[in-house]
Amino acid sequence: MGQIRTIDLVKVLLRSFYIQSTWNAERLLGLGFCFCLIPIARRLFSDKHALVDFLQRHLDFFNSHPYMATYALGAIANIEEQAITKNWEDKRPISVFKTRVIGPLGAIGDTLFWQLIRPALGLIAVVLLYFIGIGGTVIYFILYNFFHLGVRINGLFDSYSKGFDIVRDLSLRGTQKYFDILKYICASFLGAELVIIMSKIVHETSSWKGLFVFALAAMVSYLLVRRRKITIDLLIVIIVCSSIIIGMII
Amino acid sequence: MDFFPEILLISFIGGMVAVDTASGRQVMISQPVVACPIIGLIFGEPQLGLLLGILLELPWLINIPMGGVHGSAGNLGAVVATALAIFLKKKDMNTENIIVIISIMYSLAISRVGSNLVEYMRKANLTLIHLADDAANQADFKRITRLNMIGLFYSFILGLGLVFVGYSLGILILPPITTFVHKDFDLAFGLAKYGLLGSGVGAVATLFITKKTKWYLIIPFSVGVLIFVLFLIF
């Protein structure tokens, strides 16, 4: 048995990019989670029986936002190491810990990335593509991955140093105020970008028709999506067909 | 570029996009703002790639993969739409506006099919997890690694196959449809571009706008409009 080294954590980090490869309805990220922890298993266990126990334990049900999963991976590396050095007989706390972090990791990751960062940067990218072309793509890619890789790397090393205590940092209630601030910022961005897009449309079409269709489509889509009455492909079909008809009439 | 290498290359990009969308890395090369301009650059139509990226980025962003929910495969649809728009433009089938809108409408069907295929792939992944149980009982690291990578391969094949079939079918189906639309409709199809952009903005707004945040949108918007109007006047 050896101590976990930084190189092992780096290997876990690299593997974490493929944690979602075998997503399935039975154990969700179970296989991916076990796959990510193989460098830790290699370092910690020499006894085959303990190794089999370790692999079975981590093949079990697990779910998380893919970027946030490193928080669980780092903490589990720490806890498994503790279990060996302190000679734990009962390994159930490890499984309990995993079950406990599933909710917060999913909720924080989904809100932070899928509901805030990705759409906000998507909006910025659209405006940048309009004005500076392919440079907008590069800026989007760098900005997004700055946040993405930051969370992955920080998650792994921070949670490895904290072990069980990482649970305190992963409280949804604690992070909610930051999400609210981000929402205010995103709403302001949206307000400013609406003006930029609208001025670009007026400039492009030299008439108010394009602006009228844009504004109408934005309002109708906002109302329909907010009330969850429509799928996005159906929304696109309706908006495109209506826009063509409006274009023929006016 | 010859037709066969072209179709292989676009299918390979489809495979990479499928992997990045939900299975591996997720560095967002799959997002239309990245994938479409890259396809445009590769196939010699950068401006068309940028336009498709702008139009297709926003609407799909509200398909949030929370829990196990998986929406339409919009990113794969965007790849097919861009490749077909470039193909139709190079063949000079119609005006750019008409080509873009017809390609996008066709790509919606591809996205829907892709979504169903993802569900089948996830069922296939169940077999992998049961094989992994056997591998764990034998403490076989290499097999567990291999099984996880097979999941990634499934995803790649799904994207590659869908884009291959979608693009090939599109090449057969879309030229007669595109040439059928009269060029006089160019202005109407041009307006549909703005409709599509508006629908994306409206959809994304649902993620940010609440009772608490609405003033944070209204104030910058009003100030911006005021500046714009003053700019127009003076």
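Residues numbered from 1 in each chain as written. Chains lettered and ligands numbered in written order. Predicted model: local features only at pLDDT ≥ 70, side-chain atom pairs only at ≥ 80, totals over all residues. Heavy atoms only, no water.

## Side note on the overall build of chain A
- Check the secondary structure of chain A and you find eleven helices and zero strands.
- Start at the N end of chain A and walk to the C end: the helices and strands fall as α-α-α-α-α-α-α-α-α-α-α.
- The principal-axis extents of the C-alpha atoms in chain A amount to approximately 80 × 35 × 30 Å.
- Across the 250 residues of chain A, 57% fall into the buried class.
- The long-range share in chain A, meaning contacts at least 24 apart out of those at least 6 apart in sequence, stands at 74%. (Helix = DSSP H or I, 4+ residues; strand = E, 2+ residues; numbered from the N terminus. Buried < 20%, exposed > 50% of the residue type's maximum accessible area, 1.4 Å probe, protein only. Contact = heavy atoms within 4.5 Å.)

## A look at the overall build of chain B
- A tally of regular secondary structure across chain B gives eight helices and zero strands.
- Expressed along its principal axes, the backbone C-alpha trace of chain B runs to roughly 80 × 50 × 25 Å.
- A buried classification covers 58% of the 234 residues belonging to chain B.
- Taking as baseline every contact in chain B between residues at least 6 positions apart, the subset at least 24 positions apart corresponds to 79%.
- Approximately 9,600 Å² of chain B is accessible, and the part contributed by carbon and sulfur atoms is 71%.
- Of note, chain B has its 15 positive side-chain charges centred 8 Å away from the centre of its 13 negative side-chain charges. (Areas by Shrake-Rupley, 256 points an atom, 1.4 Å probe, with all protein chains shown as cover. Lys, Arg positive; Asp, Glu negative; His and termini not counted. Charge placed at Lys NZ, Arg CZ, Asp CG, Glu CD.)

## Comments concerning the interface of chain A and chain B
- Every contact between the two is made by 90 residues of chain A and, on the other side, 84 residues of chain B.
- The element that contributes the greatest number of residues to the side of chain A that touches chain B is helix α9 (residues 172-205) of chain A, accounting for 18 residues.
- Split into classes, the residues belonging to the side of chain A that touches chain B amount to 53 nonpolar, 23 polar and 14 charged. (Nonpolar A, V, L, I, M, F, W, Y, C, P; charged D, E, K, R; others polar.)

## Details of the nonpolar core
- A:Phe62, A:Tyr144, A:Phe214, B:Ile10, B:Leu52 and B:Phe208 are the most contacted members of the largest nonpolar core, which totals 166 residues.
- With 20 residues, helix α6 (residues 92-132) of chain A is the single largest residue contributor to this core.
- Those residues in contact with B:Ile10, other than ones at most four positions away along the chain, are B:Ile39, B:Phe43, B:Val79, B:Ala83, B:Val163 and B:Tyr167. (Core = buried A, V, L, I, M, F, W, Y, C linked by side-chain atoms within 4.5 Å.)

## Description of the packing of helix α4 (residues 74-90) of chain B against helix α6 (residues 141-180) of chain B
Residues and elements named next belong to chain B.
- Running from N to C, α4 and α6 cross one another at 40°; their axes reach a closest spacing of 9 Å. By the angle between their axes, α4 is oblique relative to α6. Handedness of the α4/α6 crossing: right-handed. Touching Leu76, Val79, Val80, Ala83, Leu84, Phe87 and Leu88 of α4 are Leu158, Gly159, Leu162, Val163, Gly166, Tyr167, Gly170, Ile171, Leu174, Pro175 and Thr178, all from α6.
- Its residues placed into classes, the contact of α4 with α6 shows 14 nonpolar, four polar and no charged. (Axes fitted to C-alpha atoms, helices over the stretch in contact; angles between N-to-C directions. Parallel < 35°, antiparallel > 145°, perpendicular 65-115°, else oblique. Left-handed = near helix turned anticlockwise from the far one by under 90°.)

## Considerations on a positive patch on the surface
- Taken together, the side chains of A:Arg226, A:Arg227, A:Lys229, B:Lys211 and B:Lys214 present a region of like positive charge at the surface.
- With respect to the helices, strands and loops of the structure, B:Lys214 is situated in helix α8 (residues 214-233).
- B:Lys214 sits in the partly exposed class, given a relative accessible area of 36%. (Patch = residues over 30% accessible without salt bridge, like charges linked within 9 Å, V, L, I, M, F, W, Y side chains within 5 Å. Salt bridge = Lys/Arg side-chain N within 4 Å of Asp/Glu carboxyl O.)

## Considering the packing of helix α3 (residues 46-57) of chain B against helix α5 (residues 96-137) of chain B
Residues and elements named next belong to chain B.
- α5 packs onto α3 with a crossing angle of 50° between their chain directions and a minimal axis gap of 12 Å. When the axis of α3 is compared with that of α5, the two are oblique. Crossing angle aside, the handedness with which α3 passes α5 is right-handed. Residues Leu48, Leu51, Leu52, Leu55 and Leu56 of α3 touch α5, and the partners they reach there are Glu96, Val100 and Ile104.
- By residue class, the composition of the contact of α3 with α5 is seven nonpolar, no polar and one charged.

## Concerning unusual backbone geometry
- You will see that A:Asn87, though not glycine, has its phi angle at about 55°, which is positive.
- Structurally, the position occupied by A:Asn87 is in the loop between α5 (69-85) and α6.
- In the Ramachandran plot, B:Ala139 falls in the positive-phi region, its phi being about 50° despite a non-glycine side chain.

## Describing the packing of aromatic side chains
- For the structure on display, the rule yields twelve aromatic pairs over all chains.
- Residues A:Phe146 and A:Phe147 carry aromatic rings whose centres are separated by 5.5 Å and whose planes lie at 70° to one another, so their mutual orientation is edge-to-face.
- Since its relative accessible area comes to 60%, A:Phe146 is described here as exposed.
- Put simply, the rings of A:Tyr67, A:Phe113, A:Trp114, A:Tyr140 and A:Tyr144 touch in pairs and so form one group of aromatic residues.
- The cationic tip of A:Arg152 hangs over the ring face of A:Phe17; the distance from NZ or CZ to the ring centre is 4.3 Å.
- Across the ring face of A:Trp23, the terminal group of B:Arg122 is positioned such that the distance to the ring centre comes to 4.2 Å. (Phe/Tyr/Trp six-rings, centres within 6.5 Å; stacked < 30°, edge-to-face > 60°. Lys NZ or Arg CZ within 6 Å of the ring centre and 35° of its normal.)

## Digging into helix α7 (residues 134-162) of chain A
- In this model α7(A) runs 42 Å from its N-terminal to its C-terminal C-alpha over 29 residues, within 8% of the 42 Å that 1.5 Å per residue would give.
- Just downstream of α7(A) lies A:Gly163, where phi reads positive at about 60°. (Expected span 1.5 Å × (residues − 1).)

## Describing a nonpolar patch on the surface
- Together, A:Phe212, A:Leu216, A:Val220, A:Ile245, A:Met248, A:Ile249, A:Ile250 and B:Phe185 make up an exposed nonpolar region whose accessible area comes to about 720 Å².
- Structurally, the position occupied by A:Val220 is in helix α10 (residues 209-226).

## Quick word on the pattern of salt bridges
- Considering all chains together, one arrives at twelve salt bridges over all chains under this definition.
- Across the pair A:Arg43 and A:Asp8 runs a salt bridge, and its minimum N-O distance is 2.7 Å. Residue A:Arg43 is located in helix α3 (residues 38-44), and its partner A:Asp8 is located in helix α1 (residues 6-16); the two are separated by 35 residues in the primary sequence.
- Judged by its relative accessible area of 2%, A:Asp8 falls in the buried class.
- Across the pair A:Asp169 and A:Lys162 runs a salt bridge, and its minimum N-O distance is 2.6 Å.
- Its relative accessible area of 38% is what places A:Asp169 among the partly exposed residues.
- Each of A:Glu26, A:Arg27 and B:Asp133 takes part in a single network of salt bridges with overlapping partners.

## Focus on the side chain of A:Glu80
- Tracing the backbone shows A:Glu80 in helix α5.
- Taking the relative accessible area as the measure of exposure, A:Glu80 reaches 0% and is therefore buried.

## A word on the confidence of the model for chain B
Residue and element names in this part refer to chain B.
- Residue-level pLDDT values for chain B average 91, and 97% of them are 70 or greater.
- Here α8 is the element of chain B with the lowest mean pLDDT, 90, and helix α2 (residues 32-42) is the one with the highest, 96.
- Taken over the whole predicted complex, pTM reads 0.92, whereas the ipTM for its chain interfaces reads 0.92. (pLDDT = per-residue confidence, 0-100.)

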